[in-house]
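Coordinate analysis (summary)
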Amino acid sequence: MTLLQTPAVSLAPQHTSALEDAQAQLAEAVAGLGYDEGTHAMLSKSRRELTVSIPLRRDDGSTQVLAGYRVQHNISRGPAKGGLRYSPQVTLDEVRALAMWMTWKCALLDVPYGGAKGGIALDPRLYSTPELERITRRYTSEILPIIGPQQDIPAPDVGTDERTMAWIMDTYSVSQGHTVPGVVTGKPLSLGGSLGRASATSRGVVHIATAALRGEGIAVAGSTAAIQGFGKVGRDAARFLAQEGALVVAVSDQYGAIHNAAGLDIEALAAHVDTTGSVVGFGSADAFAANDLLELDVDVLVPAAVEGVIHEGNAGRIRARIVVEGANGPTSRDADAILASNGVLVAPDILANAGGVIVSYFEWVQANQSYRWEARDVEARLEERMLAAWASVNEHARAHDLTLRAAATRLAVARVTEAHRLRGLYP
Ligand code: NAD
């Protein structure tokens, strides 16, 4: 694969930070549920936060020290669970927000986990594979005291993949003296990964997108979609939407965007990205400014890149009927209010992109059982859970006149609070 030059797309200016957005969503849920200040304080603080320095011996013999984080937001419903992100934008506050959203996601989908997230502030494209391996192994050894199959289970996120998970599993296993497949999910299949895990988030996004389209009275076949981000989530979301008969008219990545009103050939585009490293330059499409993708007149918009891309500065120009949040936190709280008043239906991240954690849970169960499920079992159970959550969030939203995000957050916060109440406060 040819690595591209400097990214052509910069992050959209963030009007509120991810942590401010996450805290505001929690505050609204706590107020709506009538909980007291003490409960709010318990839910708003991370249970554990670990900041580590990662000294790296570079290939040229020099030494560099990177900053890494692992935040466990809540562990009342089970072991902490959440991805590991490699990106130059990673900060402790970003990881705190992402960990909190994981808590709500696991509770909403009723998987027996709390929420966590990890991150290292680095641009993985600037490091060789041996350097990335050394970074990952040293980070793992630094956070070793707080991870484990019953403690905290990392998974891939932006900038990490199944190879990263294999290194974490190996480092952890060496420290224990035996193989521990349940310490991570999103592993390679040959190391105990689950069939269907790699595409699970995207499958879940498409289950929610098609349910939302039908709910709005729009036929899926022939509907139009635009997708921001062509990574682990965006690429398969585009593929599955196209398989359902939707026209994926535009996609973007950090280098640029492409458009074809007749619908992009996703398989050909995926092959182009495998060769060149970007959607840019794909033959059967027109190039256009990447940030304009969000404002296209389509039935479904899937932000599947980074947080804060729909903000008060552009929310009023969003023309999609439905926004399905493949990414975590793509819509700021100000933008949320603007979209709601303009009648744009937003399927929130903690529901829409939960497919990944659902199949991570299945992978962990398979690791604990030392037994592999068939792909069709994984996919049927995933669909069942996604559609059940979609139905319950819609029902709650209708019954209490809430947005889907407010309804989803309240349902999740209520479940976590119930776990706190049943367990009691020690000592
Ligand atoms: P990835 O690193 O595989 O892909 C990210 C994609 O976004 C790349 O195509 C990149 O070029 C693009 N991108 C980055 N900045 C951009 C910008 N400003 N404009 C347009 N494109 C941009 O990451 P991923 O795993 O696909 O994760 C994407 C989002 O989905 C993140 O918010 C992540 O937290 C969330 N998510 C991922 C999973 C999962 O299973 N991987 C599960 C749930 C949620």
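Residues numbered from 1 in each chain as written. Predicted model: local features only at pLDDT ≥ 70, side-chain atom pairs only at ≥ 80, totals over all residues. Heavy atoms only, no water.

**Overview of the pattern of salt bridges**
The cut-off we apply is this: Take a side-chain nitrogen of Lys or Arg and a carboxyl oxygen of Asp or Glu: if they are within 4 Å of each other, that pair is a salt bridge. A run of H or I in DSSP becomes a helix once it reaches four residues, and a run of E becomes a strand once it reaches two; helices and strands are each numbered from the N terminus. Partly exposed residues are those whose accessible area sits between 20% and 50% of the maximum for their type, while under 20% is buried and over 50% is exposed, using a 1.4 Å probe and protein chains only.
Evaluation of the coordinates by the stated rule reveals 25 salt bridges. Of the charged contacts in the structure, one is a salt bridge between Arg-85 and Asp-157, with a shortest N-O distance of 2.7 Å. Of this pair, Arg-85 sits in strand 3 (residues 80-87) while Asp-157 sits in the loop between strand 5 (152-156) and helix 5 (162-176); the two residues are 72 residues apart in sequence, bridging distant segments of the chain. This pair shows no difference in class: Arg-85 is buried, exactly as Asp-157 is. Glu-379 is paired through a salt bridge with Arg-203; the nearest N and O atoms lie 3.3 Å apart. You can see Glu-379 sitting in helix 12 (residues 375-400) and its partner Arg-203 sitting in helix 6 (residues 200-215), a full 176 residues away along the chain. In the salt-bridge network here, residues are joined through shared partners; they are Arg-85, Glu-94, Lys-117, Asp-157 and Glu-307.

**Concerning the nonpolar core**
Worth spelling out the cut-off: Residue types Ala, Val, Leu, Ile, Met, Phe, Trp, Tyr and Cys, when buried and joined through side-chain atoms within 4.5 Å, form a set referred to as a nonpolar core. Per the annotation, domain bounds derive from an automatic or database assignment of domains.
Counting residues in each nonpolar core, the largest one holds 80 residues, and the members touching the most others are Trp-104, Leu-241, Val-251 and Val-324. Sorting elements by how many residues they give to this core places helix 3 (residues 92-108) first, with nine residues. Built from parts of two domains, this core gets at least three residues from each of domain 1 (46-179) and domain 2 (200-352). Ranked by size, the runner-up nonpolar core spans 23 residues in total, among them Ile-54, Ile-168, Tyr-172 and Val-184.

**Here's the deal with the pairing of strand 3**
The line we're drawing: A pair of strands counts as paired when DSSP detects no fewer than two bridges linking them. Seen with its strands pointing away from the viewer, a crossover is right-handed when the path leading from the first strand over the helix to the second is clockwise.
Judged by how many residues are buried, strand 3 sits mostly within the fold: eight of eight residues are covered. Pairing of strand 3 with strand 4 (residues 114-121), which is carried by six bridges, proceeds in the parallel orientation. Looking across to strand 4, one finds that Arg-85 is bridged to Gly-119. Handedness of the crossover joining strand 3 and strand 4 through helix 3 is recorded here as right-handed. Here five bridges tie strand 3 to strand 5, and the two strands are oriented parallel to one another. Each residue of the ladder has a partner; that of Leu-84, found in strand 5, is Pro-156.

**Examining the sheet that holds strand 7 (residues 247-253)**
To keep it simple, the criterion reads: Lines fitted to the C-alpha atoms define the axes, with helices restricted to the stretch that makes contact. Angles between their N-to-C directions range from 0 to 180 degrees.
Strand order in this open sheet of seven strands is 9-8-7-6-10-11-12, and the pairing throughout is mixed. Strands with a single pairing partner mark the edges of an open sheet, and in this sheet they are strand 9 (286-288) and strand 12 (345-347). Each adjacent strand pair in this sheet contributes to an overall mean axis angle of 20°, direction not counted. The pairing of strand 6 (residues 224-228) with strand 10 (residues 300-303) spans four bridges and is classified as parallel. Following the sheet pairing, Gln-228 is matched in strand 10 by Pro-303.

**Notes on the sheet that holds strand 2 (residues 63-74)**
Across the sheet, which stays open at both edges, the five strands sit in the order 1-2-4-3-5 with mixed pairing between neighbours. Edge positions in the open sheet fall to strand 1 (48-57) and strand 5, since each of these has one partner strand only. Mean inter-strand twist for the sheet, computed between neighbouring axes without regard to direction, equals 25°. Strand direction decides the pairing type here: strand 2 and strand 4, joined by six bridges, are antiparallel. Across the sheet, Gly-68 pairs through a bridge with Ile-120, a residue of strand 4.

**Re the packing of helix 2 (residues 37-44) against helix 13 (residues 404-423)**
Two measures define how a pair of helices packs: the angle their axes make with one another and the distance between the axes. For clarity, the threshold we go by: Each angle gets one of four labels, with under 35 degrees taken as roughly parallel, over 145 as roughly antiparallel, 65 to 115 as roughly perpendicular, and the rest as oblique. In this analysis, two residues are considered to be in contact whenever any of their non-hydrogen atoms come within 4.5 Å of each other. Gly counts as polar in this scheme, as do all residues outside two lists: the nonpolar Ala, Val, Leu, Ile, Met, Phe, Trp, Tyr, Cys and Pro, and the charged Asp, Glu, Lys and Arg.
Close contact between helix 2 and helix 13 brings their axes to 11 Å; oriented N to C, the two are set at 105°. The pairing of helix 2 with helix 13 is recorded here as roughly perpendicular in orientation. Taking contact as the criterion, the partners of Thr-39, Met-42 and Leu-43 in helix 2 are, on helix 13, Val-413, Val-416, Thr-417 and His-420. Here the contact of helix 2 with helix 13 is composed, by residue class, of four nonpolar, three polar and no charged.

**Regarding the side chain of Thr-185**
Selection rule: Under this definition, polar contacts are N or O atom pairs within 3.5 Å; protein pairs additionally need one hydrogen-donor-capable and one acceptor-capable atom, and for neighbouring residues in sequence, both atoms have to be side-chain atoms.
Its place among the elements puts Thr-185 in the loop between helix 5 and helix 6. The class for Thr-185 is buried, based on a relative accessible area of 0%. For Thr-185, the side chain forms a polar contact with the side chain of Lys-81, separated by 2.8 Å. Dropping the residues within four chain positions of it, Thr-185 is found in contact with Lys-81, Ile-153, Pro-154, Ala-155, Pro-156, Met-165, Ser-360, Glu-363 and Trp-364.

**Quick look at the site of the ligand**
Applied cut-off: Consider each residue's heavy atoms; a residue with any of them within 4 Å of a molecule or strand counts as near. Here the Shrake-Rupley method, with its probe set to 1.4 Å, supplies the accessible areas, and only the displayed protein chains count as covering residues.
Close to the ligand lie 22 residues, the nearest being Asp-157, Thr-201, Lys-232, Val-233 and Asn-328. Contact between the ligand and Lys-232: an oxygen atom at 2.9 Å from a main-chain N or O atom of the residue. When the ligand sits alone it has 840 Å² of accessible area, and the protein chains cover 89% of it. Those elements giving two or more residues to the shell around the ligand turn out to be helix 7 (232-243) and strand 7. Among the residues forming the shell around the ligand, the class breakdown is seven nonpolar, ten polar and five charged. Split by domain, the residues of the shell around the ligand number at least three in each of domain 1 (46-179) and domain 2 (200-352).

**Some details on the layout of surface pockets**
What counts is decided by this rule: Any residue with an atom within 4 Å of a point lines the site, the site being either a cavity, points on a 1 Å grid over the protein atoms alone where a 1.4 Å probe fits but cannot get out, or a pocket, an open set with protein on both sides within 12 Å along at least 5 of 7 lines. Grid points are joined across faces, edges and corners, and a volume is the space filled by probe spheres set on the points.
The volume enclosed by the second largest pocket comes to roughly 510 Å³. Ala-340, Thr-403, Leu-404, Arg-405 and Ala-406 are, among the 23 residues lining the second largest pocket, the residues nearest its centre. Among the elements of the structure, helix 1 (18-33), helix 9 (333-341), strand 12, helix 12 and helix 13 are those that each provide at least two residues to the lining of the second largest pocket. The dominant element in the lining of the second largest pocket, judged by the number of residues it contributes, is helix 1, at five residues.

**Concerning unusual backbone geometry**
The step from Tyr-426 to Pro-427 runs through a cis peptide bond, and the omega angle for that step is 0°. On the secondary structure map, Pro-427 appears in the segment after helix 13. Look at Asp-110: it is not a glycine, yet its phi comes out positive at around 55°. Here Asp-110 lies in the loop between helix 3 and strand 4.

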